[in-house]
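Descriptive analysis of the structure
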Amino acid sequence: MKNIFVPFGSTDRIIKTSAIQYFHQAEIKDEFGKYIGLLGKKVLISGGTKALRSIENPLITSLEKSEIDWEKIPFHGECCSENISVIGDKIEETKPDVMVGIGGGKSLDTAKAAASATQIPIVCIPTIAATCAAVTPVSILYSREGAFKQILYLPASPNLVMVDTSVIAKAPKEYLVSGIFDALAKWYEGRAIFSTIKEPDTFTIAALKLAQLLNQQMEEKAIKAIESVMVRKAADQVRDVIDLNIYVTGMIQGLGFFTLRGGAAHPVHNGLTVLKESHHLLHGDKVGYGILIQQFLENRPMNEIERIVSFFRALGLHPSLKGLGIPSNRKAIQKIAEKACIDEDMRKMPFPVTEEMVISAINRLEELAEGT
Ligand SMILES: [Zn+2]
């Protein structure tokens, strides 16, 4: 397959918010075929083994009920150009009308990129709510080994996203928790960057207001949602938190795409990744830690920081290097700070952030969380 990088949407200031159609309902998995059939009668399905296991049977039954031909291609590993080409080649060979991506961020990003490159519609069926990948018009491209390479800007958001609450409520709770921290970063990072914009446009203001609403909703509902998922129940709060993690986060990203990017939480996340002991942690857990470091960098009042720390603890984060199982010696902290400070996003903070400031923030959080 050729041209996977060329025909994608550019970074021109075209606003693309969230999925064209988004459908979220418990037990919708038995009706997937009915809605996919509106886009075409022949589909190519791609997903990882675990993701497929969680919905493959009802999906295939519903496709056959709607007289839709299907083929399947397994997904393994990263969203990398090799994997995108494997799916793209299969599309060119089998000529489906529609691509159906299943699973988490990497699988969905790969399916979205292959569908865009071959110009067929894409249906995303997320089986976890750890990221907003299901609804966004971007794919994050890694090397085959898992190192970040670039963002692929796709020409449009996915045509249809179908979410089944009961499927996501049965996935390990860690994914939902990770998605909550990544979603909350939209508020904490967005608020910091917003303060640097002299005359924010309508979309930027809308993105920040939506991020503020997301934060309020999370404070109200996230703990209950996690408790409910722990007993594999799809309560109303689970539905709401899934929508916040997937759709609302994607919408904020789209509205603020050209203006609200940056902050300290993600650079600190990237700093943690230089230590191999952080590799087992999910993206959102490292971002959650980064949000707390950002509060110290911003010199937020101590009682406010303590309140966020206890909220994050209640969500299941151990908000210290020790608690996360990451080395907390001077050399390790220096490495984290170095990597965080060379990050482009860190430069968008309202003030220059130095390595000394990050080191001090890390030590202060360590003291607060560990009581040392
Ligand atoms: Zn993130």
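Now for a description of the structure that goes with this document. (Residues numbered from 1 in each chain as written. Predicted model: local features only at pLDDT ≥ 70, side-chain atom pairs only at ≥ 80, totals over all residues.)

Remarks on the sheet that holds strand 5 (residues 122-126)
If you trace the six strands from one edge of the open sheet to the other, you get 1-8-5-4-2-3, paired in parallel fashion. Here the strands that pair on one side only, and so sit at the sheet edges, are strand 1 (22-24) and strand 3 (69-74). Strand-to-strand twist across the sheet, computed as the mean angle between neighbouring axes with direction ignored, equals 20°. Across five bridges, the pairing between strand 4 (residues 98-103) and strand 5 is parallel. Each bridged residue has a counterpart across the sheet, and for G103 the counterpart in strand 5 is P126. Seen against the sheet, helix 4 (residues 105-117) touches strand 2 (42-47), strand 4 and strand 5 and runs at an angle of roughly 170° to strand 4. Packing against the sheet, helix 8 (residues 236-255) makes contact with strand 1, strand 5 and strand 8 (160-163), and its axis sits at approximately 155° to strand 1. (Pairing = 2+ DSSP bridges. Helix = DSSP H or I, 4+ residues; strand = E, 2+ residues; numbered from the N terminus. Axes fitted to C-alpha atoms, helices over the stretch in contact; angles between N-to-C directions. Contact = placed C-beta atoms within 7 Å.)

Quick look at the pairing of strand 3
Inspection of the sheet shows strand 2 paired to strand 3 by six bridges, in the parallel sense. Residue pairing across strands places G47 opposite P74, the latter belonging to strand 3. Where the polypeptide runs from strand 2 across helix 2 (residues 49-65) and back to strand 3, its parallel neighbour, the crossover connection is right-handed. (Right-handed = clockwise from strand over helix to strand, strands pointing away.)

Observations regarding unusual backbone geometry
Although it is not a glycine, E27 sits at a positive phi angle of roughly 60°. Look at Q119: it is not a glycine, yet its phi comes out positive at around 55°. Structurally, Q119 can be placed in the loop between helix 4 and strand 5. Classification of Q119 as exposed rests on a count of 9 C-beta atoms within 10 Å. (Buried ≥ 20, exposed ≤ 12 C-beta atoms within 10 Å, placed from the backbone.)

Some words on the nonpolar core
Among soluble globular proteins, nonpolar side chains are generally buried collectively. The biggest cluster of nonpolar side chains holds 118 residues, and the ones touching the most others in it are M99, V100, I180 and I293. No other element matches helix 6 (residues 173-194), which puts 12 residues into this core. Residue contributions to this core reach at least three from each of two domains, namely domain 1 (22-170) and domain 2 (173-370). The residues touching V100, leaving out its near neighbours within four places in the chain, are I36, V43, L44, I45, V123 and I125. (Core = buried A, V, L, I, M, F, W, Y, C linked by C-beta atoms within 7 Å. Domains from an automatic or database assignment.)

Here's the deal with the environment of I120
Examined against the element boundaries, I120 turns out to sit in the loop between helix 4 and strand 5. Owing to 20 C-beta atoms within 10 Å, I120 belongs among the buried residues under this scheme. Put simply, I120 and M99 are 21 residues apart on the chain and 6.9 Å apart in space, counted from C-alpha to C-alpha. Not counting residues within four places of it along the chain, the set of residues in contact with I120 comprises I91, P96, D97, V98, M99 and A115.

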